[in-house]
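Geometric and topological summary
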Amino acid sequence: MESHEKVVEVLGGSRDLDHGQIEMQNTRVNGSRTSKPQLKDLDDLFPYIGEFGWYQRILFLLMIPYSFFFAFVYFSQIFMTIVPEEHWCFVPELANLTVEERRYLSIPMKDNSKYEKCHVYDVDWSKVLDTGVLTPDSNWPVKKCEQQWEYNYTDVPYETIASQLDWVCDRDNYAATAQSVFFCGSIIGGLIFGWVADKFGRVPAILGTNMAGFLAGVGTAFANSFWSFCLCRFLVGLAYDNCFMVMYIVVVEYVGPKWRTFVANMSIAVYFTFAACLLPWIALAVADWKMYTLITSVPLVLAIFTPCVVPESARWLISQGRIDEALKILKKFERINKKKIPDEIFKEFKDTATKIAKAEEEIRNYSFLDLFKTPRLRRHSLLLLVIWMSIAMVFDGHVRNVGSLGLDIFLTFTVATATEFPADVLLTLTLDIVGRRWLAFGSMLLSGIFSFLATTVPHGVPSATLAIIGRFAVNISFNIGMQYAAELLPTVVRAQGLALIHITGYVATILVPYIVYLATISPIIPLLILGTIGIFGGCLCLCLPESLGKDMPQTLQDGENYGKEQKFWDFPCFKRKNQVPVENRY
């Protein structure tokens, strides 16, 4: 998907040095030498239209609803399918007894402390009642539950689809399967809406992906079986990621380079985090899984106004040769920001845009397969694929494992999700100092270590605290991942390479619900697996070259030679003081 090419401009605050480097062009005016910036990319026009003027601020605020849509699509299923910790077989013949009497009489004890969840005494209850016996006999035969369960709704104070349809015992993997089906939908959605974004534009892709989420989300509220629920979640999965990411990329394209780090990270840190933290409390407030599903799905219909409020990507319009439409949008920025583009600058940029459109035609002759034709570029590409799969699995695993940490799932989810804010702030402050390679390694390593430590302490607050620290660390890795890949892949295959990496992440996360499901055997198993994957992925980061302060590779040969001069123990923060500023290298 071409839109992913802009990720490097989004998160790093740096520019695509292949197309956007401001060179100084010497000219003589009245016998003296002056310098005029040469327009080689849209970035060079920001000094004239405003880097973060009123229009950009409006677009930054317009990211709020799409951030909410993304959080609702991604996380809402958790609170539709959780099951109360205490559940037991329901015996219809004992319906006239109180709940406590019924459970005491019909359910065997496990280890003399807890009632069995999946077994019931196998006796003739009519005869038992006729004899007036209200005390169980441990010698009674036992069988598996076959019909219906009862639930203690203390920890989850509302009925979910899982408790409504009894997804417990032999069917307790249904929720994990439904979540995996959701991620299968995200793979198809990435391909479909990636094609839409490249073929018809970013705005139609934003509209289409959010409307898919709206329609399928509303349909979920009417699901009455496992298969109808899976179908709806598959269709909701079509909206995952792209319902926000395409808007995210469009907005940061229109922000000057100096503001991209702020806009990119703060939109996630504030908008997305706040929306995600709201979800458990919405579920508690309405105490009805169907109403909760509607509340988190209906707002997506607001995306129907996208063509009225969101401008099409000027970069995409230029790449399609629709230069006049792109210039019309830039004129709007000029007007709202109360700026003035000199006529000669406007004419020069129009000529530059024509050249960019021709260059885009040449890029289409390449495919992602070119990434695997030369040894070093092939190695880097494979590493990026595996690293992103590791990051995606660890991040999603920590998100979904909150229910196995021994605490209130609603509060734990909120606290764990809130770590996104400090993680993004820390990333913003340190990424361009420490560098991508060591920060990605360090954050993944810490995530793995704290996941392991969480298995060595008592279940409850101690283990949950350490696991949440692990979640905080992987938040940093997650936000580095795509930018790092964008800076390492050559321009001619960057878009396709990033799309491939993104989709492999979707594929990897299909396994995550089953990793989390292993907590039914032991709560430490998911943490051990996530810790191992985190440390493994972090160590692989050290096999990649550093990209901080480096020109992005343009050709396949540039990609092959990238980082050859670097040594394993190079630290960018120790070398920056000796580097020549970018503007003095040209």
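See the structure above.
Definitions and limits used
- Residues numbered from 1 in each chain as written.
- Predicted model: local features only at pLDDT ≥ 70, side-chain atom pairs only at ≥ 80, totals over all residues.
- Heavy atoms only, no water.
- Helix = DSSP H or I, 4+ residues; strand = E, 2+ residues; numbered from the N terminus.
- Rg over C-alpha atoms; globule rule 2.2 N^0.38 Å.
- Buried < 20%, exposed > 50% of the residue type's maximum accessible area, 1.4 Å probe, protein only.
- Contact = heavy atoms within 4.5 Å.
- Disulfide = S-S within 2.5 Å.
- Core = buried A, V, L, I, M, F, W, Y, C linked by side-chain atoms within 4.5 Å.

Secondary structure summary: the protein chain contains 27 helices and eight strands in total. For a compact globule of 586 residues, the expected C-alpha radius of gyration is about 25 Å, and the protein chain comes in at 27 Å, within 12% of that figure. For the protein chain, the spread of C-alpha atoms along the principal axes amounts to about 115 × 50 × 40 Å. Out of the 586 residues belonging to the protein chain, those deemed buried represent 55%. Nonlocal contacts in the protein chain, meaning residues at least 24 apart in sequence, comprise 79% of its contacts between residues at least 6 apart.

Now for the environment of Pro-375. Tracing the sequence through the fold places Pro-375 in helix H18 (residues 375-400). Given the relative accessible area of 53%, Pro-375 is considered exposed. For the pair Pro-375 and Tyr-115, spaced 260 residues apart in sequence, the C-alpha to C-alpha distance is 59 Å.

Glancing now at the state of the cysteines. Counting across every chain of the model gives two disulfides. The disulfide partner of Cys-89 is Cys-145, and the S-S distance across this bridge is 1.1 Å. Remark: Cys-145 occurs in the loop between strand S7 (142-144) and strand S8 (148-151) and Cys-89 occurs in strand S3 (residues 87-90); sequence separation between them is 56 residues. Summarising the burial analysis for this pair, Cys-89 and Cys-145 share the class buried. Sulfur-sulfur distance for the disulfide between Cys-118 and Cys-169 comes to 2.0 Å.

Formed by 149 residues in total, the largest nonpolar core has its most connected members in Leu-45, Phe-75 and Phe-79. In terms of residue count, the dominant contributor to this core is helix H3 (residues 54-75) (13 residues). With residues up to four places along the chain from it excluded, the contact list for Phe-79 reads Tyr-158, Thr-160, Leu-279, Pro-280, Ala-283, Tyr-292, Phe-410 and Phe-413. Core analysis: the next-biggest nonpolar cluster, separate from the first, contains 17 residues, Val-120, Trp-125, Val-168 and Cys-169 among them.

All we've got here are geometric facts, nothing functional implied.
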